[in-house]
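The residues making up each chain are set out below.
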Amino acid sequence: MSKLVTIFGGSGFVGRYIARRMAKEGWRVRVAVRNVNEAMFVRPYGVVGQVEPVFCNIRDDDSVALVTNGADAVVNCVGVLDELGKNTFSAVQAEGAARIARIAAAEGVARMVQISAIGADAESDSLYAQTKAAGEAGVLEHMPDAIILRPSIVFGAEDEFFNRFAGMSRLGPVLPVIGADTKFQPVYVDDIAKVATNAVLGKVPAGIYELGGPDVHTFRELMQLMLNVIHRRRLIVNTPFWLARVMASVFGVIRAVTLGLVKGPVTKDQVINLGVDNVVSDDAKGFADLGITPTAMEAVLPDYLWRFRPSGQYDAIKDSAKNLKA
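Residues numbered from 1 in each chain as written. Predicted model: local features only at pLDDT ≥ 70, side-chain atom pairs only at ≥ 80, totals over all residues. Heavy atoms only, no water.

Sorry, what's going on with the sheet that holds strand E6 (residues 147-151) here?
Backbone hydrogen bonds hold the strands of a sheet together, and the pairing may be parallel or antiparallel. Strand order across the open sheet formed by seven strands is E3-E2-E1-E4-E5-E6-E11, with parallel pairing between neighbours. Of all strands in the sheet, those bounded by a partner on one side alone are strand E3 (51-55) and strand E11 (207-211). In this sheet, neighbouring strand axes are inclined to one another by 20° on average, regardless of whether the strands run parallel or antiparallel. With four bridges connecting them, strand E4 (residues 73-76) and strand E5 (residues 111-115) associate as parallel partners. Note that in E5 the partner of Asn76 across the bridge is Gln114. Against the sheet, helix H6 (residues 189-200) engages strand E1 (4-8), E4, E5, E6 and E11, with an angle of about 160° to E5. (Pairing = 2+ DSSP bridges. Helix = DSSP H or I, 4+ residues; strand = E, 2+ residues; numbered from the N terminus. Axes fitted to C-alpha atoms, helices over the stretch in contact; angles between N-to-C directions. Contact = heavy atoms within 4.5 Å.)

Okay, here's the thing in structure tokens:
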């Protein structure tokens, strides 16, 4: 019988790419999610019955044990960028990750892959970064041979980074950013999936790997690159951190008063993270150690950002038509 992998958050941005690759490897794939109905799109990744979404709440032991039972490997892709209700940073990224590892160890699961993030740091001022580090520690406590992947900001067709700012560029001549000089090393989502799949297959030694793309850019440079791809000219304006903190505080109060119905564009924790460079450390293991050449942004961005161009899919045709002589 084919081996079985349980992917927690397997219908999310990174998880779906791992699920697709694991299905191509011939594994049965159990996609553990909170909303099964919204994860049905993963089923065609394999033959009938090979990829199945199942319900799981990683805050509950019994729920995690049910989807872990019988698995040969587990991959945890669950994370949150913003706290909502019971899904706090601590409950999801720290306690949830440790719970999966503890139960996986008890079930005799052979391998575990944990998707963390560059910047995971127990001493950080950011609760997001603190809980990412706590999650790593919890995983290694129960599964010491786990493979932990720390990607920089992730790009791909379903990303919430380039898509978000490309959408904002439609709203006016100014594109505001926070931390314009902060450096990032964007990594292609399927490159992460490739490493995670190799890890499940036993081709990656245990340890922590920081995954960044081939190029390092400031936030401002990334926005200019995105604008070039979508053929728009906008004034990129940096929002000072002091003002961003004030904005985040105000929107935080509004959110609390409205019981979460009104969300601001940024939270205080996100402002903290935007002030710290998000690049691979000099002494970290990464793609080079795994024999993988990461994909450049220029090779991928045009494939999905074209819809934000002034004339969408017809933008190139209209541009060419301008050169035609009457």
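After that view, the rundown keeps rolling.
Could you clarify how one ought to interpret the packing of aromatic side chains in this entry?
The relation between two aromatic rings is expressed through the spacing of the ring centres and the mutual angle of the planes. Applying the stated criterion across every chain yields a total of 10 aromatic pairs. For the ring pair Phe161 and Phe165, a centre distance of 5.6 Å and an interplane angle of 65° mean the geometry is edge-to-face. Residues Phe161 and Phe165 agree in their burial class; the two are buried. By way of ring pairs, the aromatic residues Phe161, Phe162, Phe165, Phe184 and Phe219 are connected into one cluster. Positioned above the aromatic ring of Tyr17, the side-chain terminus of Arg20 is 5.1 Å from the ring centre. Note that Arg20 overlies the ring of Tyr45, its terminal NZ or CZ placed 4.5 Å from the centroid. (Phe/Tyr/Trp six-rings, centres within 6.5 Å; stacked < 30°, edge-to-face > 60°. Buried < 20%, exposed > 50% of the residue type's maximum accessible area, 1.4 Å probe, protein only. Lys NZ or Arg CZ within 6 Å of the ring centre and 35° of its normal.)

Any functional reading would require information that these geometric values do not contain.
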